[in-house]
Amino acid sequence: MTRLILAVTLISAIGITGYLWLDTPEPASMALATNTIVRTNEQSASSSSQTTDEEVTTFAQQTQLTEPDIVPVSMRNSLSYIASDYAEKIQHPPYSMPIASPQSPYLHWNRHISTPVPILDGTEKAALKLSQYRYFYPKPIQASLVASLPVNQTVLEIIDVRTNQVIETKTVSGDTWQIEPDESWPMELRLKAILDFDSGHDVLTADFRLYQPIAQLAQINPVFGRDADMIIPLQLNVDKGGIYRFRANLFTQNDEPVAFLTTKKRLQEGDHTVELKAFKQTLLGFDKQWQLKNIVIERMSGSPGERAQFGISPKDTYSLGVFDIDQLSDTPYQMSEQERMQLEFLQHAAR
């Protein structure tokens, strides 16, 4: 599905590129012609002589616009790059994708983004920061104030976003706070901070989500090899059945990001073992000690309007120990028929 979306996105991008090409600014000749026409009209208005038909014809010929030379090399080069990049990506299976950069979104799925905003009539700036965007009961909500001047006192309010009702109020000091959630709180929440400075008052807000866990990672069993994959077995306790998607990031023992791992499986209530797989080609060039981080256990929406739910893992990091990838098969990944068709489409479009 992800790669189908990629193809649709590509087609949209091609359409947008074509639109931008058609919507290019006026060429210099058009601007020059327009200005010349204005000056000619002004001169004719101030002169007693009349412009003859022959003069008009001569002027029109001199200022006639010509089609700009369009050489679609740039578009072909862009499509060629996209096709080449896609061909490189499908050297790896979708369940084991390399993490190419520390800024990869795979590493920051739960980051809360805050931006400093003007306060006190624009004389100062401040930002309300949360440690993450999604919280899981009973984990406390960690919040802090980043401001260019000290705050005397702060009143924190927890607001139900859907009803706009205040469900919790707390007076705090300092610029770092911890809020203990209640099990009855809804999912969509807003933190409102009413700030008291020496020079006045102001208000900042930050939205976040609170989930009641519906599954839990019990442990990670010893890893082993199968064909070209390192298998990482996750042992789970599931409280609510459904289609689950599992995501995690594989790191070296030195905290170097290696690969984004994912899988989906339908699970019933009870205990289950789910396997994450790391493809050998993705692991080449790294050491032999591994660890798993950023584990996401998501029960996917089963119908329109139903929200996704999440499970939890007790630890942030799990050491997988030593695993030598030399024991794995060197069999390359065989692209699916859908991937092959997408690649052929991109390569054909790039010609």
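Residues numbered from 1 in each chain as written. Predicted model: local features only at pLDDT ≥ 70, side-chain atom pairs only at ≥ 80, totals over all residues. Heavy atoms only, no water.

Novice: Even after reading the chapter, I still don't get the side chain of E298, so can you show me in this structure?
Specialist: Mapped onto the elements, E298 comes out in strand β17 (residues 289-299). Taking relative accessible area as the criterion, E298 reaches 7% and is therefore assigned buried. Polar contacts involving the side chain of E298 include one to the side chain of R247, which spans 2.7 Å. In this structure, E298 is in contact with I243, Y244, R245, R247, A308, Q309 and F310, ignoring residues within four places of it in sequence. (Helix = DSSP H or I, 4+ residues; strand = E, 2+ residues; numbered from the N terminus. Buried < 20%, exposed > 50% of the residue type's maximum accessible area, 1.4 Å probe, protein only. Polar contact = N/O pair within 3.5 Å; in protein donor to acceptor, adjacent residues only side chain to side chain. Contact = heavy atoms within 4.5 Å.)

Novice: Would you take a moment to explain the pattern of salt bridges for this structure?
Specialist: Side-chain pairing between opposite charges can occur once the charged atoms of the two side chains come close. In this structure the tally under the stated criterion is 10 salt bridges. Across the pair D207 and R190 runs a salt bridge, and its minimum N-O distance is 2.7 Å. Taken as a pair, D207 in strand β10 (residues 200-211) and R190 in strand β9 (residues 188-197) lie far apart in primary sequence, 17 residues in all. You can call D207 partly exposed: its relative accessible area is 33%. Between D324 and K288 there is a salt bridge; the shortest N-O distance is 3.4 Å. Separated by 36 residues along the polypeptide, D324 in the loop between β19 (317-322) and α6 (337-349) and K288 in the loop between α5 (280-283) and β17 bring together distant segments of the chain. Here D324 falls in the partly exposed class, since its relative accessible area comes to 26%. Through salt bridges with shared partners, a single network forms among E188, R209 and R307. (Salt bridge = Lys/Arg side-chain N within 4 Å of Asp/Glu carboxyl O.)

Novice: What is the right way to look at the nonpolar core in this model?
Specialist: Burial of nonpolar side chains together is a common tendency in soluble globular proteins. Counting residues in each nonpolar core, the largest one holds 31 residues, and the members touching the most others are I220, M230, I232, F246, L250, W290 and L292. Elements that contribute at least two residues to this core include exactly β11 (215-220), β13 (229-238), β14 (242-252), β15 (257-267), β16 (270-279), β17 and β19. With 5 residues, the top contributor of residues to this core is β13. The contact partners of I220, leaving out residues within four places of it in the chain, are I232, P233, L234, L292, I295, Y318 and L320. Within the second largest apolar cluster, 26 residues are counted, among which are I119, V151, A193 and F208. (Core = buried A, V, L, I, M, F, W, Y, C linked by side-chain atoms within 4.5 Å.)

Function cannot be inferred from these measures alone, as they are strictly geometric.
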